[in-house]
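# Descriptive structure summary
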Number of protein chains: 2
Amino acid sequence: MQKPSIPKGTRDFSPEEMAKRNYIFNTIREVFHLYGFQQIETPAMENLSTLMGKYGEEGDKLLFKILNSGDCFAGISDEELMEKNPLRFAAKACEKGLRYDLTVPFARYVVQHRNEISFPFKRYQIQPVWRADRPQKGRYREFYQCDGDVVGSDSLINEVELIQIMDEVFHRFGIRVCIKMNNRKILSGIAEIIGEADKIVDITVAIDKLDKIGLDNVNEELRSKGLPEEAIERLQPIIMLQGSNQEKIATLKKVLSASETGLKGVAELDFILERISHTSIRAELELDLTLARGLNYYTGAIFEVKALDVQIGSITGGGRYDNLTGVFGMEGVSGVGFSFGADRIFDVLNQLDLYPEGSLKTTQLLFVNFGQKEEIHLLPLIAKVRKAGIRTELYPESTKMKKQMGYADAKKIPFVAIVGENEMAENKINLKNMLTGEQTLVTIEELIERF
Amino acid sequence: MQKPSIPKGTRDFSPEEMAKRNYIFNTIREVFHLYGFQQIETPAMENLSTLMGKYGEEGDKLLFKILNSGDCFAGISDEELMEKNPLRFAAKACEKGLRYDLTVPFARYVVQHRNEISFPFKRYQIQPVWRADRPQKGRYREFYQCDGDVVGSDSLINEVELIQIMDEVFHRFGIRVCIKMNNRKILSGIAEIIGEADKIVDITVAIDKLDKIGLDNVNEELRSKGLPEEAIERLQPIIMLQGSNQEKIATLKKVLSASETGLKGVAELDFILERISHTSIRAELELDLTLARGLNYYTGAIFEVKALDVQIGSITGGGRYDNLTGVFGMEGVSGVGFSFGADRIFDVLNQLDLYPEGSLKTTQLLFVNFGQKEEIHLLPLIAKVRKAGIRTELYPESTKMKKQMGYADAKKIPFVAIVGENEMAENKINLKNMLTGEQTLVTIEELIERF
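Residues numbered from 1 in each chain as written. Chains lettered and ligands numbered in written order. Predicted model: local features only at pLDDT ≥ 70, side-chain atom pairs only at ≥ 80, totals over all residues. Heavy atoms only, no water.

## Remarks on the overall build of chain A
- On a plain count of helices and strands, chain A comes out with 18 helices and 16 strands.
- Since a compact globule built from 451 residues should have a radius of gyration of about 22 Å, the 29 Å found for chain A marks it as more spread out than a globular shape.
- Across its three principal axes, chain A shows a C-alpha extent of roughly 95 × 70 × 45 Å.
- Counting only residues that meet the buried cut, chain A has 59% of its 451 residues in that class.
- Partitioning the intrachain contacts of chain A with sequence separation of at least 6 by distance along the chain shows that 68% fall at a separation of at least 24.
- Counting every atom, chain A has about 19000 Å² of accessible surface; 48% of that belongs to carbon and sulfur.
- Here chain A contributes 58 positively and 66 negatively charged side chains, and the mean placements of these two sets differ by 4 Å. (Helix = DSSP H or I, 4+ residues; strand = E, 2+ residues; numbered from the N terminus. Rg over C-alpha atoms; globule rule 2.2 N^0.38 Å. Buried < 20%, exposed > 50% of the residue type's maximum accessible area, 1.4 Å probe, protein only. Contact = heavy atoms within 4.5 Å. Areas by Shrake-Rupley, 256 points an atom, 1.4 Å probe, with all protein chains shown as cover. Lys, Arg positive; Asp, Glu negative; His and termini not counted. Charge placed at Lys NZ, Arg CZ, Asp CG, Glu CD.)

## Things to note about the relation of the copies chain B and chain A
- Placing chain B over chain A gives an RMSD of 0.0 Å and needs a rotation angle of 180°, together with 0.0 Å of translation along the axis. On the angle and the small slide along the axis, the relation comes out as a two-fold axis. The position closest to the rotation axis in chain B is occupied by the C-alpha of B:Ile66, lying 2.2 Å away.
- Of the interface residues in chain B, 100% have counterparts in chain A that sit at the interface too, so the contact is made through matching surfaces. (Least-squares fit on C-alpha atoms with pLDDT ≥ 70 in both.)

## Side note on the sheet that holds strand β14 (residues 415–418) of chain A
Residues and elements named next belong to chain A.
- Strand order in the open sheet formed by five strands is β13-β12-β14-β15-β16, with mixed pairing between adjacent strands. Each edge of the sheet is formed by a strand with only one pairing partner; in this case those strands are β13 (392–394) and β16 (439–442). When strand polarity is set aside, the average angle formed by the axes of neighbouring strands in this sheet is 25°.
- Alignment of β14 against strand β15 (residues 429–433), held across four bridges, turns out to be antiparallel. Looking at β15, one finds that Phe415 is bridged to Asn433.
- Set on the sheet, helix α16 (residues 401–410) makes contact with β12 (365–367), β13, β14 and β15; between it and β14 the angle comes to about 150°. (Pairing = 2+ DSSP bridges. Axes fitted to C-alpha atoms, helices over the stretch in contact; angles between N-to-C directions.)

## Focus on the side chain of A:Ser259
Residues and elements named next belong to chain A.
- Relative to the helices and strands, Ser259 is located in the loop between α12 (245–255) and α13 (260–276).
- Here Ser259 falls in the buried class, since its relative accessible area comes to 1%.
- Of note is the side chain of Ser259, whose polar atom sits 3.4 Å from the side chain of Glu192. (Polar contact = N/O pair within 3.5 Å; in protein donor to acceptor, adjacent residues only side chain to side chain.)

## A short note on the interface of chain B and chain A
- Contacts between the two partners involve 106 residues from chain B and, on the opposite side, 106 residues from chain A.
- Interface of chain B and chain A: buried area, both sides summed, is about 9200 Å²; carbon and sulfur atoms make up 59% of it.
- Our enumeration of links across chain B and chain A arrives at 10 salt bridges.
- The salt bridge involving A:Glu161 is made with B:Arg386; its shortest N-O contact spans 3.0 Å.
- Counting across the chain B and chain A interface gives 38 residue pairs in polar contact (both at pLDDT 80 or more).
- Residue contributions to the side of chain B that touches chain A peak at seven residues, all from helix α15 (residues 372–387) of chain B.
- Tallied by class, the residues present in the side of chain B that touches chain A amount to 49 nonpolar, 31 polar and 26 charged. (Buried area = accessible area lost by both parts, 1.4 Å probe. Salt bridge = Lys/Arg side-chain N within 4 Å of Asp/Glu carboxyl O. Nonpolar A, V, L, I, M, F, W, Y, C, P; charged D, E, K, R; others polar.)

## Overview of the pattern of salt bridges
Residues and elements named next belong to chain A.
- Considering all chains together, one arrives at 70 salt bridges over all chains under this definition.
- The residue Arg223 makes a salt bridge to Glu220 at a minimum N-O spacing of 2.9 Å. Of the two residues, Arg223 and Glu220 both sit in helix α10 (residues 210–224), three residues apart, roughly one turn of that helix.
- On the basis of relative accessible area, Arg223 is assigned to the partly exposed category, the value being 33%.

## Details of the sheet that holds strand β10 (residues 316–321) of chain A
Residues and elements named next belong to chain A.
- Taken together, eight strands build an open sheet; the order of strands is β1-β5-β6-β11-β10-β9-β7-β8 and the sheet is mixed. Every other strand in the sheet has two partners, leaving β1 (38–39) and β8 (284–287) as the edge strands with one partner each.
- Relative to β10, strand β9 (residues 301–307) runs antiparallel, the two sharing four bridges. If you follow Val305 over to β10, its bridge partner there is Thr316.
- Sheet contacts for helix α6 (residues 103–112): β5 (121–130) and β6 (142–151); angle to β5, the most-contacted strand, approximately 135°.

## A short note on empty space enclosed by the protein
- Counted by the stated rule, this structure contains three cavities of 30 Å³ or more.
- What lines the largest cavity is a set of 38 residues, and nearest its centre among them are A:Glu41, A:Ile126, A:Tyr144, B:Glu41 and B:Tyr144.
- Elements supplying a minimum of two residues to the lining of the largest cavity: α1 (15–34), β5 and β6 of chain A together with α1 (15–34), β5 (121–130) and β6 (142–151) of chain B.
- Each residue belonging to the lining of the largest cavity can be placed in one class, and the counts come to 17 nonpolar, 10 polar and 11 charged. (1 Å grid on protein atoms, 1.4 Å probe; cavity = no way out; pocket = protein on both sides within 12 Å on 5 of 7 lines; lining within 4 Å. Points joined across faces, edges and corners; volume = space filled by probe spheres on them.)

## Some remarks on the pairing of strand β16 (residues 439–442) of chain B
Residues and elements named next belong to chain B.
- In this sheet, β16 lies alongside strand β15 (residues 429–433) in antiparallel orientation, the contact comprising four bridges. Directly across from Lys432, in β16, lies its bridge partner Gln439.
- Here β15 folds back onto β16, and the loop between the two strands holds five residues, one of which, Gly437, carries a positive phi near 85°.

## A word on the pairing of β6(B)
Residues and elements named next belong to chain B.
- Of all 10 residues in β6, 10 are buried, a share of seventy percent or more.
- Residues Glu142, Tyr144, Cys146, Gly148 and Val150 of β6 are buried on one face, and the alternating residues Phe143, Gln145, Asp147, Asp149 and Val151, pointing to the opposite face, are buried as well.
- Where β6 meets strand β11 (residues 335–340), six bridges bridge the pair, whose relative direction is antiparallel. Bridge pairing in β11 links Asp149 to Gly337.

## A short note on helix α5 (residues 86–93) of chain B
- Looking at α5(B), one finds that the buried residues are B:Phe89, B:Ala90 and B:Ala93. Along the long axis of α5(B), the arc covered by the buried residues comes to 100°, so they all point the same way. Away from its buried face, by an angle of more than 90 degrees, α5(B) presents the exposed residues B:Arg88 and B:Ala91.
- Each element contacted by the buried residues of α5(B) is listed here: β3 (65–67) and α5 (86–93) of chain A together with β3 (65–67), α4 (78–83) and β4 (94–98) of chain B.
- The backbone nitrogen of B:Leu87 lies 3.0 Å from a side-chain oxygen of the residue at the head of α5(B), namely B:Asn85. (Arc of directions from axis to C-beta.)

Now the structure itself:
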């Protein structure tokens, strides 16, 4: 007999894990609603014509492809078949693939439903995606993404609101965070003034090491990447950029004074910080020039959220883009969006033990089952308790007390109600606190008031 | 340029549809928690060895199979390839398939995690499943299932609780329902006493037509199915079974007195009805012998829920089974479970217009954007309003009033806040009711109190 297992890189989620994940997603969902975001869902399977070519050559290989049902060999010649070229075969034998991220399906959705959507469209989406990556610690072949985007508006107020949302979500989680910000236009401006547009990633990587290796070594690294001395010279105030966000902005305005693009980026950042100052957010906000995520994609603001009390990569990130839907023939749809890293947030909440009491919606009260007569006595009482909103179970069988108590322990049920002959005669309930062992004789009304 | 589309039989869910679906799933989820059920999730992809052979030959063909990533031709000889036999090819080129239902993955989960689970295990699961069925009206290739099961307990109290859950869920939805009940053992008993075990489906189908075609035609149909006169004679009291549940049970006890199995089924039904009578449920409960769903699978109670005010098939169904996990080498795991038909419940709620006000979590208040100065004035006010839990938007751009109002209309936002120079000077908000057109000048505190 086969011992059942699941495909590598995939996971089952146990009741406890699900309760925690529901807490995470519900919290995010509530904040999204507070800001007028609306949820959509798209199918797990998209046409491969929608997915192919959107994630680079490597991405095409990482798509899970679904064999056509019926005759998958239809339209394939013997010669083609004997080539045994997996990609070319899949191009004919597979019409559909599994969602690889939420961005491309969202772009497809916007184009397909453009006449039903009222722009600016504030949407969020929480769904799994699938990637045929080599599984390793913390990297899965199936994982949830949790994206929010505002499309069809260039206003920087959208950036401001995204920052407020990040702040509110992590405040509700109790996770202290720093929201790091950068702007693609500033990076372009830097490249412009030093005349090395293609070196921008090398530069941000080198600057990022300043604290660890010191200024001399950073400059050495830049030299080794082929930057001329003059460019390195001009970069010095940027590498050593320090102080408050306002001080950094003042420096950047000077350094980038010759770059129109660069100054525009600084002005955008300045505007966002000014507006945010009217919203009393709680997170740290830090201008960080080393932030260079999604550089091929983002055209304006770039965000990243770091947890302050746990060593872990960024737990949220995003930015502004110019052209979401051009690849599907609809030009001019710009937007700004971000993605909560659900798996990492899960890890942070676990490490800091931040799940609030009651957030996991576990059973609050178990009634012990002593047999037929007691069952009949208890059923109306239990209906009353549930009507009061108390999550309640009746152990379904009148087995040994020890087994029933063991069930309460295993499910971490905090209270057990014991109603035997004596309690029935008195119309009382013996309520046992499973943590302290304390037992109290109460009426049904008193019991309900305890919760 | 390609016009993007989605695979046939799949759906996008719009914000409004998602809000309604969330209302449905959250309501079901809450009731499950009230009864101590816990949620699990399993991967979308299962090993094909887990799925194949579990749904019959036809089911095997309806599984979506995922082409192995990397070299899908590995281990396939030229001869095998040139056979061009889709099923045999898939057996080698595909290791994984998409979840076809929630029952088999649940069985696999129970076996795989048996040492972590505390039985009786009350689990629910809300996830999409995929079937390569021919798409047609109301039948999709991707749809959500919403299952609840209690496994590892033979107690009929579990059946009682499932009925209570169905009753509570449909009560919360405001859908008037009839819960129909039958018992597999009663059907077996009937087959036993008339000596025609293999005719039980023909019999239930014929009985089901009594109201439409009358007794004579029912008997004629039974004759045409090959039932001997003597058997038809014995069936008469069963075909004409009428009256209250108690009257039906009394009749069945007499008719089935020679069948031990049949009497056991009647006793089970009797027990469940007796216990339910102590719980004050609101749904109609009806013993219906024509209920024969899942006859190959169910071994005891069978349930089905019908909406009373809408013409539509059953909106929930389930029953008791003996051996969930035997196919994975773990014997003796019996249980009872049921499945809410989410798509049909969605249709019923739409037809009866039963979504409660506020259940869709749409934006409650839109602040009109008049420009820079007003933005700065509004940001702290809006933060206050959101802090009070009011779902609020600031239109991100200071465009024409008409466009902003159009946005509020399209998103069905019931209130719009207008704050121009005059209102700013007075520190007031002009609150417009979008339904009545009425405008009121209020302070921020008064505004918050209105919601």
